[in-house]
Structure formats: structure tokens, C-alpha cells
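A structural walkthrough
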Amino acid sequence: MRYVAYWRRWLRAAGIRALKTMAQTAAAAIGTGAVLSEVDWALAGSAALAAGVLSLLTSLAGLPEVDG
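The notes below deal with the structure included here. (Residues numbered from 1 in each chain as written. Predicted model: local features only at pLDDT ≥ 70, side-chain atom pairs only at ≥ 80, totals over all residues. Heavy atoms only, no water.)

1. Topic: the nonpolar core
Here is the rule we go by: We define the nonpolar core as a collection of buried residues of types Ala, Val, Leu, Ile, Met, Phe, Trp, Tyr and Cys that are connected through side-chain atoms lying within 4.5 Å of one another. Under the scheme applied here, a residue whose accessible area is under 20% of the maximum for its type counts as buried, over 50% as exposed, and between as partly exposed, the area being computed with a 1.4 Å probe on protein chains only. Only DSSP runs of H or I with at least four residues qualify as helices, and only runs of E with at least two residues qualify as strands; both kinds are numbered from the N terminus onward. The contact definition used throughout considers only heavy atoms, calling two residues in contact when any of these lie within 4.5 Å.
Trp10, Ala13, Ala14, Leu63 and Val66 form the largest nonpolar core, which has five residues in total. With three residues, helix α1 (residues 2-31) is the largest single contributor of residues to this core. The residues touching Leu63, leaving out its near neighbours within four places in the chain, are Trp10, Ala13, Ala14 and Arg17.

See below:
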């Protein structure tokens, strides 16, 4: 049971980090377009998705809020 609680905490913390990373990446990609009609939405979405996956993979090394 203890491992289940750990993985729940880890999944929640890693998910929050990944979502924040995705939002930051999307904001940066959208911000490069002068107007919303000029934004390359496919690029912004794929960059945000890739950043989220990389964030989850990085979280496998450990999360201070869970390991502490």
C-alpha cells in the first residue's frame, strides 16, 4: 500500500510539472506570432506536447516534492 501512495503522489507532482511546462512552451510558441492569425498552431501544439513528455521523463530522475 505504501508504494501505491508514493506513485500517486509522484504521478500528481509529475503531471502538474508537465502541465506547467507545456503551458510555458505553448505561451512562448504563441508569443512568437505577431497576431493570433499568424501563429503556427501545429508547431505550438507539438512543441508543448514534446515539452510535456520530456518533463515526465525528467521527473523519473526524482521529484523533490515527493522524495523529500
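2. Brief notes about a nonpolar patch on the surface
Which entries qualify depends on this criterion: Without a salt bridge and with relative accessible area above 30%, a residue can belong to a patch; like charges are then joined within 9 Å and nonpolar side chains (Val, Leu, Ile, Met, Phe, Trp, Tyr) within 5 Å. Here the Shrake-Rupley method, with its probe set to 1.4 Å, supplies the accessible areas, and only the displayed protein chains count as covering residues. Any carboxyl oxygen of Asp or Glu that lies within 4 Å of a side-chain nitrogen of Lys or Arg is treated as forming a salt bridge with it.
Taken together, the side chains of Leu49, Val53, Leu54, Leu57 and Leu60 present a nonpolar region at the surface, about 500 Å² in accessible area. Positionally, Leu57 belongs in helix α2 (residues 41-59). Judged by relative accessible area, Leu57 falls into the exposed class, the value being 51%.

3. A short note on the pattern of salt bridges
Applying the stated criterion across every chain, the model contains one salt bridge. Here Glu65 and Arg17 are joined by a salt bridge, their closest N and O atoms 3.0 Å apart. With Glu65 in helix α3 (residues 64-67) and Arg17 in helix α1, this residue pair connects regions lying 48 residues apart in the sequence. Classification of Glu65 as partly exposed rests on a relative accessible area of 46%. On the basis of relative accessible area, Arg17 is assigned to the partly exposed category, the value being 35%.

4. So, the environment of Glu65
As a reminder of what qualifies: Whenever a nitrogen or oxygen atom comes within 3.5 Å of another N or O atom, the pair is scored as a polar contact, on the condition that within protein one atom can donate a hydrogen and the other can accept it, and that pairs from neighbouring residues in sequence are kept only if both atoms are in side chains.
In this structure, the C-alpha to C-alpha distance between Glu65 and Gly15, residues 50 residues apart in sequence, is 13 Å. Not counting the four nearest positions on each side in its chain, Glu65 is found in contact with Ala13 and Arg17. Within the local environment of Glu65, its side chain forms a polar contact with the side chain of Arg17, the two groups lying 3.0 Å apart.

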